Amino acid sequence: MSRLMILVALFLGLFSNICVAGPTKTHVVRTSVKRVCTPSVTAITDPSCTDWLVGQKVTGKAVCVSLNEAKDAIIVSYPAYEDFTYNTVHVWIGTSQPTDDNPGTAPGQYPYSSDKTPSICKITGQTATCTIPLADLPPLIPPDTKCGAPYYIVTHASISNPTKSETGTGGNPGACIKSTCKPWFTYWKFNFACGCTEEPPPQTKWCDAETAFGKEPRSITFDNLQVPQCSNRWGWYSWTSSSVSGTLWAGAGQNDISKGVDVGQWTATITGTKVTVTYTLTNNPPSKVWEITQAHVYASCKKPTNCGPGSYTVVAEGLSGTSWTSPEISATGCTAGDKVYIIAHAAVRQQIPATETCPAKVPDEG
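One structure accompanies this document, and this report is about it. (Residues numbered from 1 in each chain as written. Predicted model: local features only at pLDDT ≥ 70, side-chain atom pairs only at ≥ 80, totals over all residues. Heavy atoms only, no water.)

Throughout the structure, instances matching the rule amount to six disulfides. Put simply, C49 and C64 are joined by a disulfide, and their sulfur atoms are 1.9 Å apart. Since a negative S-S torsion denotes a left-handed disulfide, the C49-C64 link at about 110 degrees is right-handed. Placement of the pair is C49 in strand β3 (residues 49-54) and C64 in strand β4 (residues 57-67), with a sequence separation of 15 residues. A relative accessible area of 33% places C49 in the partly exposed class. The disulfide bridge from C230 ends at C307, spanning 2.0 Å between sulfur atoms. Looking along the S-S bond of the C230-C307 disulfide, the torsion reads about 95 degrees, which is the right-handed sense. Of this pair, C230 sits in helix α2 (residues 228-231) while C307 sits in the loop between β21 (288-300) and β22 (314-317), placing them 77 residues apart in sequence. (Disulfide = S-S within 2.5 Å. Helix = DSSP H or I, 4+ residues; strand = E, 2+ residues; numbered from the N terminus. Buried < 20%, exposed > 50% of the residue type's maximum accessible area, 1.4 Å probe, protein only.)

Quick look at the structure:
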């Protein structure tokens, strides 16, 4: 096969979905669904654990904070140590360094503990946990968020074994609430990491294609053409020497737009004897999303004798998108300034949430 024949075959393949006399130009815009990005807590950054001190001594164990699976609460986990069991646990969390006044060194006054009702702290023998909702934590101001600065935490516990009782607390041995370390309550701090979690788009489905016609303020119904092939169809045409624009109506049987759906806009641009028609469909997720699948345009100075879209000047099928522009059409039988008969037809389909029911299709006749 010669190089010329290959080029011709490629050219024909590119435009096989449009039937029109004259040059072609199409413009398709794909449907898109906007995703909402909501900043939220995604992790606890290092340090997420600190030394567990018992009797003012480092035990080699650690008390830790972590996020629960839903990432809407933190879990404070107390470790097992030798043969000690937990009697009570108390937790305080704030946005500034602990002082003798706030929260002080009276653990019974701390907001989260195992000896309050209802209790968010649970003791299971040699271990204990406190699950604290993020919503309970004070925001860091500014900004009003859980991220950007450290949270200070006091993790206290009363523990005992068969021979003695001890106090346990988390933190560095020198990081005391009181500068004298008397009593020797210690504190530590942690940070949240925040990220932007993209919510998945809603599940949707496409309904069967519906017939749509363009209508502008001076549009005329098909039955006024007094042509047998048009008398039993709904729809409109324009007869104009200037550019026009209007609404694209779907499912408006019997030309009753109160029964139809406004699915977008259409424009017919007239330059001399050339006509170009553009469709712009509504794209407002999740339910007001319309896509054009076929476009048929009639443009001529000769009155239509058949209103069936397959007989129009331009027939474009296999489309997909929310916008389409016809090729430039040379209106037959026209000289500059003549009135042109224009029909803008489209097959459109609606995207709706998967849980909704598609509307019934309106017949083309009537």
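Following the criterion strictly, the structure yields three salt bridges and no others. In this structure, K164 engages E166 in a salt bridge whose closest nitrogen and oxygen atoms are separated by 4.0 Å. (Salt bridge = Lys/Arg side-chain N within 4 Å of Asp/Glu carboxyl O.)

Now for unusual backbone geometry. Here N102 and P103 are connected by a cis peptide whose omega angle stands at 10 degrees. With respect to the helices and strands, the residue P103 is situated in the loop between β6 (85-94) and β7 (112-113). The step from T117 to P118 runs through a cis peptide bond, and the omega angle for that step is -5 degrees. Along the chain, P118 turns up in the loop between β7 and β8 (121-124). One non-glycine residue, Q254, lies in positive phi territory at about 60 degrees. In this fold, Q254 is placed in the loop between β17 (244-250) and β18 (261-271). Even without a glycine there, the phi angle at N255 is positive, about 60 degrees. Using a relative accessible area of 22% as the deciding quantity, one classes N255 as partly exposed.

Relative to the elements of secondary structure, Y112 occurs in strand β7. On the basis of relative accessibility, which here comes to 9%, the residue Y112 falls in the buried class. Each C-alpha atom, one on Y112 and one on I132, is 7.9 Å from the other, the two residues being 20 residues apart in sequence. Once residues lying within four places of it in the same chain are set aside, the contact partners of Y112 are V89, H90, V91, I120, C121, I132, D136 and L137. (Contact = heavy atoms within 4.5 Å.)

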